[in-house]
Each structure stands twice: as structure tokens, then as C-alpha cells.
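Descriptive analysis of the structure
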Amino acid sequence: MTDAAMAASGAVVPASRTGTDWTSPAMRARIAKRYRSERLFRALGIAALAIAGGFLLFLLVTIVRDGWNSFRQTEVRVEVAFDRALLGLPAEGTPSREDLEVLLRDDVSRADLAFRVVD
């Protein structure tokens, strides 16, 4: 026969292998080290979540702070008097569509001329 013994389940167990002594100082040191590593890993995970939450909070506060003014509406009423003679409109009555088109065309050509002068 060999040095192997037959376990109750039928598996072959080498005779040189013995059970683990969980009470030995070396085993207790390994268990303590494992638990210490596990606590450190958990603490680092919680710290990472806290840092991520802090960055998310900072991002949201920055977005709200910078965009707060866009939620307000400002309305300014300015009274403007148009001089019909200066605009080239008839002195009386409502201007016709053709008068307004000429006025618009002249304004666009003046704006185009102004841009060309700057260039």
C-alpha cells in the first residue's frame, strides 16, 4: 500500500498532509494580516466613494453657480423715436412694403460697406 490514506469521501489524501492548526501564532498572524488588509481595502473604497461624491458635488455646485443667471429674465424698455426724414420714409401714413425693402437694402449695403472699410 502507499503512504496515502483514504478519506471518508473516497478522495485520496497524502499521509504527509495534516490539518491546519488555526490556533498557532503563525496562523493567527496571517489571519490578523488578512483582516487588516480587508479593513484597509474597505476604508480605501469608502474614501474613493467619498472623493467621487465630493467631485460630483463640486461639479453640480459649479454648474448651478455659473448658470444661475440664466434662470433670470431681464427686460429693458427703451423708447426710440424714428425720424421719418432721416430714414427716407414718407412724411405721412404707413410706409409701404417697397419703402421698407429699400430701407433694408440700403442698411444692408451700408453695413456691408462698413465691413469692407474695416478690412
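Not measured: the values here are computed from a predicted model.

**Observations concerning the overall build of the protein**
Tallying secondary structure elements over the protein gives three helices and two strands in all. Of all 119 residues assigned to the protein, the portion counted as buried reaches 5%. Counting only carbon and sulfur atoms, one obtains 63% of the accessible surface of the protein, whose full area is about 11,500 Å².

**So, the pattern of salt bridges**
Applying the stated criterion across every chain yields a total of two salt bridges. A salt bridge links Arg 65 to Asp 66, with the nearest nitrogen and oxygen atoms 3.3 Å apart. Assessed through its relative accessible area of 51%, Asp 66 is described here as exposed. A salt bridge links Glu 75 to Arg 77, with the shortest nitrogen-to-oxygen separation between them at 3.1 Å. Judged by its relative accessible area of 74%, Arg 77 is exposed.

**Regarding the side chain of Thr 62**
Mapped onto the fold, Thr 62 is located in helix α1 (residues 25–67). A polar side-chain atom of Thr 62 sits 2.7 Å from the main-chain carbonyl oxygen of Phe 58.

**Looking at a nonpolar patch on the surface**
Together, Leu 56, Leu 59, Leu 60 and Ile 63 give the surface a local cluster of nonpolar side chains, amounting to about 390 Å² of exposed area. Within the element layout of this structure, Ile 63 appears in helix α1. Since its relative accessible area comes to 52%, Ile 63 is described here as exposed.

**What about the confidence of the model for the protein?**
Low-pLDDT portions of the prediction should not be read for the details of their coordinates. When the pLDDT values of the protein are averaged, the result is 78; 71% of them are 70 or greater. Averaged pLDDT values for the elements of the protein fall to 53 in strand β1 (residues 5–6) and rise to 95 in α1.

**A look at the side chain of Ser 24**
Tracing the sequence through the fold places Ser 24 in the loop between β2 (12–13) and α1. A distance of 3.3 Å separates a polar side-chain atom of Ser 24 from the backbone oxygen of Asp 21.

**Quick word on α1**
In a regular helix each residue adds 1.5 Å, so 43 residues correspond to 63 Å; α1 covers 62 Å between its end C-alpha atoms and thus fits that length. Listed as buried for α1 are Met 27, Ile 31 and Thr 62.

Each value, and the rule that gives it
Residues numbered from 1 in each chain as written. Predicted model: local features only at pLDDT ≥ 70, side-chain atom pairs only at ≥ 80, totals over all residues. Heavy atoms only, no water. Helix = DSSP H or I, 4+ residues; strand = E, 2+ residues; numbered from the N terminus. Buried < 20%, exposed > 50% of the residue type's maximum accessible area, 1.4 Å probe, protein only. Areas by Shrake-Rupley, 256 points an atom, 1.4 Å probe, with all protein chains shown as cover. Salt bridge = Lys/Arg side-chain N within 4 Å of Asp/Glu carboxyl O. Polar contact = N/O pair within 3.5 Å; in protein donor to acceptor, adjacent residues only side chain to side chain. Patch = residues over 30% accessible without salt bridge, like charges linked within 9 Å, V, L, I, M, F, W, Y side chains within 5 Å. pLDDT = per-residue confidence, 0-100. Expected span 1.5 Å × (residues − 1).

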